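A look at the structure
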Amino acid sequence: MPYLKKNAAANLRTQICALYNANGDWRNLANVPQVPKRTAYRWVNNQEQPEKQRGGKRRAKITDEHRQFMERSLEENPKITLKGLSEKIREDFALNVSNECVRQHLNGLMFTLKIARREPENANNIQTKTSSSTYVENLLDLQAQNVPIIYMDETNFNLFISRTQGRSKKGTRCTTVSAGCRGSNIHLIGCIGNMGLIHSELRRGSFKKPEANEFVRQCLRRAQGLYQTGVALVIDNAPCHSAIEEVFAENEFEHHTLLRLSPYSPMFNPIEQAWSALKAGVKTDMAVQLNNILAGADRDHLTQTEYRMQKLENTVHNNMDKITVANCAMFMAHIQRFIPSALNMQDINF
């Protein structure tokens, strides 16, 4: 015997009860194959009693007040653990809840576990915001004057550079061999503009003031040849950059402009993204080559240190083509998204 659908049964019940209350012939209406006689009599006899709720949400221990408390706790300390949250709920509300219960409610509130990013304590104070606003105003003024803008920065490489992720069978660790020591740093200093990589230099050890000043001279000469006009060089406040004003005081470079980045503002230096693209390529190559480099089968007369340093230098050189003209233009356009926040003295997320 086919059954009535839920909506059809509800409509038929309403009609039968209405006829019964109006002293109508409700038995004739109820005389359908899908409605047993006992069901029809139960409908008219129990119509004053509200139907019991079936299914639905059970009484929950965690209420909206508890969920708001969890949100506030996470805003105060995003690194708090599930166990820490359950203990705080126990202390404040005398309510025992499991870690799994807390996790499920956090999922419902759209809180997920992710890698925490560090934000320096002075990154968004009033002094830093004022400096960022001033820097952006100067940058916009140079852009309005159609002055070519180039960006300079440094980065380091050593044998410990590698991908942090890999694959292995489920239930097993992903383990790779690494060098016993990282060796000396290979220091790369470079300068980019909307025409791509302007100038770069790779050396072992660190750059100091004299080397940094000489690099700026070479960079400005190359930029002059590319743009055929004076340029604005944007640099950060690294110790080796502390004497660069001396270069711009020289007669050869006095028609160029120096613009220093405000503190805690890597987002305004597009070369940071260029380094990321370069390092991604180096990590990919090192993941393939590292075992052969550590074995040193073709080392010949070289010392182990010299052999490994040369291999790393070659890998960096081979990936310099990752810094393309198109990428540099895209990286420079990307910094524009942070300009409104800096002008409005708003916090900038790192």
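Preceding this paragraph is the structure being described.
Calculation notes
- Residues numbered from 1 in each chain as written.
- Predicted model: local features only at pLDDT ≥ 70, side-chain atom pairs only at ≥ 80, totals over all residues.
- Heavy atoms only, no water.
- Helix = DSSP H or I, 4+ residues; strand = E, 2+ residues; numbered from the N terminus.
- Rg over C-alpha atoms; globule rule 2.2 N^0.38 Å.
- Buried < 20%, exposed > 50% of the residue type's maximum accessible area, 1.4 Å probe, protein only.
- Areas by Shrake-Rupley, 256 points an atom, 1.4 Å probe, with all protein chains shown as cover.
- Lys, Arg positive; Asp, Glu negative; His and termini not counted.
- Charge placed at Lys NZ, Arg CZ, Asp CG, Glu CD.
- Contact = heavy atoms within 4.5 Å.
- Arc of directions from axis to C-beta.
- Phe/Tyr/Trp six-rings, centres within 6.5 Å; stacked < 30°, edge-to-face > 60°.
- Lys NZ or Arg CZ within 6 Å of the ring centre and 35° of its normal.
- Pairing = 2+ DSSP bridges.
- Axes fitted to C-alpha atoms, helices over the stretch in contact; angles between N-to-C directions.

1. Let's talk about the overall build of the protein chain
Check the secondary structure of the protein chain and you find 13 helices and five strands. A globule of 350 residues ought to have a C-alpha radius of gyration of about 20 Å, yet the protein chain, at 35 Å, is considerably larger. Taken along its principal axes, the extent of the C-alpha atoms in the protein chain is 110 × 55 × 45 Å. Taking all 350 residues of the protein chain together, 36% fall into the buried category. When the accessible surface of the protein chain is summed, it comes to about 22400 Å², and 48% of that surface belongs to carbon and sulfur atoms. One finds the centroid of the 45 positive side-chain charges in the protein chain at a distance of 17 Å from the centroid of its 35 negative side-chain charges.

2. A look at the environment of Ile348
Mapped onto the fold, Ile348 is located in the segment after helix H13 (339-343). Among the residues examined, Ile348 registers a relative accessible area of 10% and is labelled buried. In this structure the C-alpha to C-alpha distance between Ile348 and Asp92, which are 256 residues apart in sequence, comes to 34 Å.

3. Considerations on the side chain of Asp153
With respect to the helices and strands, the residue Asp153 is situated in strand E1 (residues 149-157). Not counting chain neighbours up to four residues away, the residues in contact with Asp153 comprise Leu188, Ile189, Gly190, Asp236, Asn269, Ile271, Glu272 and Trp275.

4. Observations regarding helix H3 (residues 37-45)
Taken together, the buried positions of H3 are occupied by Thr39, Ala40, Trp43 and Val44. With its buried residues spanning 130° around the axis, H3 presents them on a single face. Pointing more than 90 degrees away from the buried face of H3 are the exposed residues Lys37, Arg38 and Asn45.

5. Section: the packing of aromatic side chains
Under the counting rule described, the total for this entry stands at three aromatic pairs. Taking the centre distance of 5.2 Å and the plane angle of 85° together, the rings of Phe69 and Phe93 count as edge-to-face. Separated by 24 residues along the polypeptide, Phe69 in helix H4 (residues 64-76) and Phe93 in helix H5 (residues 82-93) bring together distant segments of the chain. Judged by relative accessible area, which is 24%, Phe93 ranks as partly exposed. Within the aromatic cluster, the residues linked to one another by ring pairs are Tyr135, Phe268 and Phe338. One cation-aromatic arrangement involves Arg203 over Phe207; the distance from NZ or CZ to the ring centre is 4.6 Å. The lysine or arginine in question, Arg337, covers the ring of Phe338, its NZ or CZ lying 5.2 Å from the ring centre.

6. Some details on the sheet that holds strand E4 (residues 232-235)
Pairing in this open sheet of five strands is mixed, and the strands run E3-E2-E1-E4-E5 from one edge to the other. Because the sheet does not close on itself, it has two edges, and the strands there are strand E3 (196-204) and strand E5 (257-260). Each strand of the sheet is rotated relative to its neighbour by a mean of 20°, with strand direction disregarded. Two elements, strand E2 (residues 186-193) and E3, share eight bridges in a ladder whose sense is antiparallel. Bridge assignment links Gly193 to a residue of E3, and that residue is Gly196. Across the sheet, helix H11 (residues 304-318) is in contact with E1, E2 and E3; its angle to E3 comes to roughly 175°.

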